[in-house]
Each structure stands twice: as C-alpha cells, then as structure tokens.
Amino acid sequence: MKRILITGAGGQIGSWLVPRLRELYGTANVLATDVRHLGAEVTEAGPFQVLDATDQKAVGQAVMRHEADTVYHLAAILSAIGEKDPRLAWHVNMASLEAVLEVAREQGCAVFTPSSIGAFGPNTPKDPTPQDTLMRPTTMYGITKVCGELLCNYYYTRYGVDTRGVRFPGLISHGAPPGGGTTDWAVDIFYQAVESGTYTCFLGPDAQLDMMYMPDAVDALVKIMEADPDRLVHRNAFNITAMQLTPEGLAAEIRKHIPDFEIGYEVDPVRQRIADSWPDRIDDSAAREEWGWQPKFDASAMTADMLHHLSLSS
Ligand code: NAD
Ligand code: AKB
C-alpha cells in the first residue's frame, strides 16, 4: 500500500485528487498538505498538515513522520498570477520542486510533478505539438515548467529518483475554483451560464486550447504513478489531452442545454498573449503507448456533466 504526501492539496486538482487517493489507498495513508488552512471537508476527512512546500526541512520532516513513499507535488503559482508576479512564480515553483526532489532523494520517494501546455512557446509547432519538440516559453510559468521537467529528469538519471509527470492542458471542474490561470475561462463560463445565462470571456472567440475534464485528469495522476517503469521511455513530462476548445465552440455546446445562453468578449491582452503562445492541439500518442492514457470525456460529455452538477448545486 502506498503512503502518499500531497503538496498544494487545497487547489483545483488537489481537492479532487485527495478523496480519490484516499479511496484507493486508504484514508490514513494519504496526508494532504497546503500552505493555507483548508476547510473541514479536507482537514476533518483525513490527515492534514499546514506545510510550506518551499521549506525543505519542513517537507523532509513531514515525509519522515508520515513515512511517505510517494509525493504528489501540486503546490505552484499558475500562468496568469505568474505574469502579475514573476518572481513569486519562480520562487514558489522552483524552490518547492527543489525541496521535494531533495527530500525524495534522501528518503527514497517517488515524485509526481505536473507540467503544462504552458511549457511550450510561440515557436513550438502548434497543431499537432509533438511530444519531443522546441520548448521556448515566454511566460515565467512556462519557464518554471520547462526547468521543472529538466530537473525531474536530472534527479531520475543522476540519482535514480522515480520522477514522473504529465503536461496537463486546461482543466475543467466544479468544486474548488481554478487558481489564476489562462484557461480559467473554461470553468467560469459554466458557473456564469447556470447563474446568469451570460458570460463575458477574457479570451477572444477563436482562441483554441487543449482541455480536459477533471475526472480524466485524476485518472491520469493515478495511472502514471502505477505505470510499469520498464515501459516508460519518457518521464518528465508526457503530453496528454482530451479535447480542443474555443470560447465560441464551448458556448455552442452549452447552448445545446441552455438555448438562450449568451457569450460576449472583453479581451485581456495579457492572457490572450499567453493563450496565443500555447499549442492548439498536443499529440499525446507517447502517453497512450507507454502507459495506456485514454480520456473518457469529450466536449459534449464534459459539458453535460458539468451543467448537471452545477444545476444540482445551485
Ligand atoms: P491551484 O492554484 O488551484 O492550487 C495550488 C495550491 O498550492 C493552492 O491550494 C495553494 O494554496 C498551494 N500553494 C501555493 N504556494 C504553496 C506553497 N509554498 N506551499 C504549499 N502549498 C502552496 O493549482 P492547481 O490547478 O491545483 O494546479 C496544481 C498543479 O498542476 C500546478 O503545478 C499547476 O501548474 C499544474 N497544472 C494545473 C492545470 C490546471 O488547469 N489546473 C493545468 C496544467 C498544470
Ligand atoms: C493555466 O492556465 O495557467 C493552467 C495551465 C494550462 O497550466 N490552467
């Protein structure tokens, strides 16, 4: 049975991953941590600790006390906030990863670290974006993701630390809100559709990006850490995707359920520039071949499920 520590457990991904890992591996075996105090739904449902992931000593003590053999390292600053405060993004994303990798090296843990479509840049081939290609991102977030991928591979080849990762596209979910990214519009649009029937998007109508519904993302997080290491040619990090969405296209999907739904546009130049520098469609065949990646939700199934859940809760 795995003994797992999760950093950044209170975020958009962690709020889904913690209950799933507890279901699979047992509540007591999964320690959720975050730099913030979290609500009772996390802190009273199983082990929880306030932990700044940039503090290597504190990470080391937490891993030792919990006897963790696997770390899911989710703590990070995302793309839009990262452009508002690039030094914060560099500090949090790199110092926390270095701390986690050093602790993993000392204590023999496996480490999952998510990368992102943000690791690509404007001169990367856009459609399809290959697994192995040019990566010259123009955001601080993207720079930390490329450095992070390289650092994780270094710890694997140099020290034998079992590091694995995926390049997530924009993730769509209900529950904990997204943490300040460029793809947040694809979550906000559902909340506004249900609450008011209109949405003003901060990207233009044709901005196409890869996306994925959170249940598929959580499956990927479990599956890659369970994958047979002998089959992994790549490690940090695998392209994975489930669908390609534009604001206009997703609005049309929502109109199949809410016919009067209206979308308008007030383009934010910073986030539009970030979106323009990212791929239109990534090629995830390496993940499919090496560990059996296969998403279940396309745009139509995701839209129906999101609206179903949000309508129930409104
Ligand atoms: P989020 O912003 O929703 O959550 C991040 C969490 O980290 C927050 O709960 C925050 O309190 C915590 N945190 C911040 N600084 C910390 C620190 N110093 N120590 C400990 N915790 C700290 O992010 P998310 O969407 O859950 O993303 C998790 C990871 O997945 C990140 O690495 C992100 O880059 C990556 N990712 C996310 C998406 C997405 O669409 N959500 C897409 C691609 C990659
Ligand atoms: C962001 O928009 O910053 C994230 C991501 C795709 O990495 N959702």
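In this text the structure is predicted, and so the values were computed from the model without any measurement. (Residues numbered from 1 in each chain as written. Chains lettered and ligands numbered in written order. Predicted model: local features only at pLDDT ≥ 70, side-chain atom pairs only at ≥ 80, totals over all residues. Heavy atoms only, no water.)

Below, the discussion takes up the domain arrangement of the protein chain. Taken domain by domain, the protein chain holds domain 1 (4–169 + 213–239) and domain 2 (171–211 + 242–282 + 295–313). Here domain 1 and domain 2 have C-alpha centroids that lie 24 Å from each other. Contacts between the two partners involve 33 residues from domain 1, matched on the other side by 32 residues from domain 2. Note on domain 1 versus domain 2: buried area summed over both sides is about 2,700 Å², and carbon and sulfur give 61% of it. Inspection of the domain 1/domain 2 interface yields two salt bridges. (Domains from an automatic or database assignment. Contact = heavy atoms within 4.5 Å. Buried area = accessible area lost by both parts, 1.4 Å probe. Salt bridge = Lys/Arg side-chain N within 4 Å of Asp/Glu carboxyl O.)

Further remarks concern the packing of aromatic side chains. Enumeration over the complete set of coordinates arrives at seven aromatic pairs. Put simply, the rings of Tyr-154, Tyr-155 and Tyr-159 pair up and form one aromatic cluster. Residue placement shows Arg-105 over the ring face of Tyr-159; its charged tip is 4.8 Å from the ring centre. Taking NZ or CZ as reference, Arg-235 lies 3.9 Å from the ring centre of Tyr-156, over its face. (Phe/Tyr/Trp six-rings, centres within 6.5 Å; stacked < 30°, edge-to-face > 60°. Lys NZ or Arg CZ within 6 Å of the ring centre and 35° of its normal.)

Bringing the site of ligand 2 into the picture now. Every residue lining ligand 2 is accounted for by Leu-78, Ser-79, Ser-116, Ile-117, Tyr-141, Gly-170, Gly-181, Thr-182, Thr-183 and Trp-278. Note that an oxygen atom of ligand 2 is positioned 2.5 Å from one of the side-chain N or O atoms of Ser-79. Contact distances for ligand 2 include 2.6 Å between an oxygen atom and a side-chain N or O atom of Tyr-141. In the complex, the protein chains occlude 93% of the 250 Å² of accessible area that ligand 2 would expose alone. Partitioned by chemical class, the residues of the shell around ligand 2 number four nonpolar, six polar and no charged. Counting contributing residues, the shell around ligand 2 receives three or more from each of domain 1 (4–169 + 213–239) and domain 2 (171–211 + 242–282 + 295–313). (Near = heavy atom within 4 Å. Polar contact = N/O pair within 3.5 Å; in protein donor to acceptor, adjacent residues only side chain to side chain. Areas by Shrake-Rupley, 256 points an atom, 1.4 Å probe, with all protein chains shown as cover. Nonpolar A, V, L, I, M, F, W, Y, C, P; charged D, E, K, R; others polar.)

On to the sheet that holds strand S12 (residues 238–239). Spatial ordering of the open sheet is given by S6-S8-S12, a layout of three strands whose pairing is parallel. Because the sheet does not close on itself, it has two edges, and the strands there are strand S6 (115–116) and S12. In terms of strand pairing, strand S8 (residues 166–168) meets S12 through two bridges, oriented parallel. Paired with Arg-167 across the strands is Asn-239, a residue of S12. (Pairing = 2+ DSSP bridges. Helix = DSSP H or I, 4+ residues; strand = E, 2+ residues; numbered from the N terminus.)

Attention now goes to the nonpolar core. Judged by nonpolar contacts, the single largest core of 37 residues is most densely connected at Ile-172, Trp-185, Ile-189, Phe-190, Leu-245, Leu-250 and Met-302. Broken down by secondary-structure element, the contributors of at least two residues to this core are helix H6 (140–159), helix H7 (185–195), strand S10 (198–201), strand S11 (209–213), strand S13 (243–245), helix H9 (247–255), helix H10 (269–277) and helix H12 (299–313). A domain-level breakdown of this core finds at least three residues from each of domain 1 (4–169 + 213–239) and domain 2 (171–211 + 242–282 + 295–313). The contacts of Met-302, once residues within four sequence positions are left out, are Ile-172, Phe-190, Tyr-213, Met-243, Leu-245, Leu-250 and Phe-297. (Core = buried A, V, L, I, M, F, W, Y, C linked by side-chain atoms within 4.5 Å. Buried < 20%, exposed > 50% of the residue type's maximum accessible area, 1.4 Å probe, protein only.)

Turning to the site of ligand 1, a few remarks are in order. Neighbouring ligand 1 are 27 residues, the closest being Gln-12, Asp-34, Arg-36, Ala-53 and Tyr-141. Gln-12 places a main-chain nitrogen or oxygen 2.8 Å from an oxygen atom of ligand 1. The contact in question runs from an oxygen atom of ligand 1 to an N or O atom on the side chain of Lys-145, over 2.9 Å. Contact with the protein chains removes 92% of the 830 Å² of surface that ligand 1 exposes when unbound. Counting only elements with at least two residues in the shell around ligand 1, the list comes to S6, H6 and strand S9 (170–172). Taken together, the residues of the shell around ligand 1 sort by class into 14 nonpolar, nine polar and four charged.

On to helix H3 (residues 56–66), then. Looking at H3, one finds that the buried residues are Ala-58, Val-59, Gly-60, Ala-62, Val-63 and His-66. Tucked into the core, H3 has its buried residues touching strand S1 (4–7), strand S2 (30–34), strand S3 (48–50), strand S4 (70–73) and helix H5 (86–107). One or two residues past the end of H3 sits Glu-67, with phi positive at roughly 55°.

With respect to topology, six strands assemble into an open sheet ordered S3-S2-S1-S4-S5-S7, the strand pairing being parallel. Each end of this open sheet is capped by a strand with a single partner; those strands are S3 and strand S7 (163–164). In terms of strand pairing, S2 meets S3 through three bridges, oriented parallel. Across the sheet, Ala-32 pairs through a bridge with Phe-48, a residue of S3. Contacting S4, strand S5 (110–112) and S7, helix H8 (residues 214–226) crosses the sheet at an angle of about 150° to S5. (Axes fitted to C-alpha atoms, helices over the stretch in contact; angles between N-to-C directions.)

This paragraph deals with the layout of surface pockets. In this approach, a probe sized like a water molecule rolls over the atoms, and the result shows the empty space that is left. Taken as a whole, the second largest pocket spans an internal volume of roughly 260 Å³. Lining of the second largest pocket is provided by 17 residues; of these, Gly-14, Ser-15, Pro-19, Glu-41 and Val-42 occupy positions nearest its centre. Those elements that place two or more of their residues in the lining of the second largest pocket are helix H1 (14–25) and helix H2 (40–43). Ranked by residues supplied to the lining of the second largest pocket, first place goes to H1 with six residues. Two domains each provide a minimum of three residues to the lining of the second largest pocket, namely domain 1 (4–169 + 213–239) and domain 2 (171–211 + 242–282 + 295–313). (1 Å grid on protein atoms, 1.4 Å probe; cavity = no way out; pocket = protein on both sides within 12 Å on 5 of 7 lines; lining within 4 Å. Points joined across faces, edges and corners; volume = space filled by probe spheres on them.)

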